[in-house]
Every structure is written in C-alpha cells, then in structure tokens.
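Analysis of the macromolecular model
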Amino acid sequence: MKMENIPFGVMDWTNIEAIKIKGETGAGYWKTLDFNTIQVHKVEYSPGYLADHWCLKGHILLCLEGELNTELKDGRTFTLTPGMTYQVADDTIAHRSSTITGAKLFIVD
C-alpha cells in the first residue's frame, strides 16, 4: 500500500453517512473515505451478520467493539475481539466475516 496525495486532515466520522450493505444474513453499515489508492472504512455489523461473498481484497482490520469471526477458504477460523487486528494482502486467501453479537471495525484497504 502506497499512500500518496493525501493532505493532512481530521475526520469526524459522525458526519459521514453510512451505506447499508446486506449480508447473507444481517447487514453492514459502511462509512468510507476514498483516497484514490486506498480506502478507509468505519464499519458496523449487525448481530447475526454473515457476509454474502468470499473476499480476496487485502485489508488491515481493527476490531473496535464486539466480536468478529473471520473464516478463511481453507477452513481456518479466527475470532477478533476489541483491540485485535488481522492483515491480509490482495489475492492471497479468500476470507469472509460473520458475527453473532455484532461488531464495530476500522478497516484500511
């Protein structure tokens, strides 16, 4: 990830409108800042959320609240709780998210 042409800025995330994205079950509410080559997201998954797709996009993800389950296509699973991160490069291993209780995340990709 190369960050270029991003001026210094301060963001009040309460001023960004969330976009609802339905999962196979539940929904995600995504607030996004687009900086050309990277995007920064503040995401809230509802309780019972399950992604409706396998993702190959690389991310750096920080769990802020709740509990996030990440399933890899090879069958491994990981549970993130507040303060935990995962990182994965583009096009390395398919992954998908779910949560029983709901989760709030901060993601850079």
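This write-up is about the structure you can find in this document. Keep in mind the model is a prediction, meaning the values are calculated, not measured. (Residues numbered from 1 in each chain as written. Predicted model: local features only at pLDDT ≥ 70, side-chain atom pairs only at ≥ 80, totals over all residues. Heavy atoms only, no water.)

A word on the overall build of the protein chain
From N to C terminus, the protein chain includes 0 helices and 10 strands. Each helix and strand of the protein chain, ordered N terminal to C terminal, gives the series β-β-β-β-β-β-β-β-β-β. Long-range pairs, those at least 24 residues apart, make up 59% of the contacts in the protein chain between residues at least 6 apart in sequence. As displayed, the protein chain offers around 6,900 Å² of accessible surface, 55% of which is attributable to carbon and sulfur atoms. One way to put it: in the protein chain the 10 positive side-chain charges average out to a point 2 Å from where the 14 negative ones average out. (Helix = DSSP H or I, 4+ residues; strand = E, 2+ residues; numbered from the N terminus. Contact = heavy atoms within 4.5 Å. Areas by Shrake-Rupley, 256 points an atom, 1.4 Å probe, with all protein chains shown as cover. Lys, Arg positive; Asp, Glu negative; His and termini not counted. Charge placed at Lys NZ, Arg CZ, Asp CG, Glu CD.)

What to know about the sheet that holds strand β6 (residues 68-72)
The strand order across the open sheet formed by 4 strands is β4-β9-β6-β7, and the pairing between neighbours is antiparallel. With partners counted over all chains shown, the strands left at the sheet margins are β4 (49-50) and β7 (77-80), one partner each. The pairing of β6 with β7 spans 4 bridges and is antiparallel. Its bridge partner lying in β7, Glu 71 is registered against Thr 77. (Pairing = 2+ DSSP bridges.)

Comments concerning the pairing of β6
Where burial is concerned, the two faces of β6 differ: the one with Leu 68, Thr 70 and Leu 72 is buried and the one with Asn 69 and Glu 71 is not. Where β6 and strand β9 (residues 95-99) come together, 4 bridges link them in antiparallel fashion. Pairing of Glu 71 across the sheet is with Arg 96, part of β9. (Buried < 20%, exposed > 50% of the residue type's maximum accessible area, 1.4 Å probe, protein only.)

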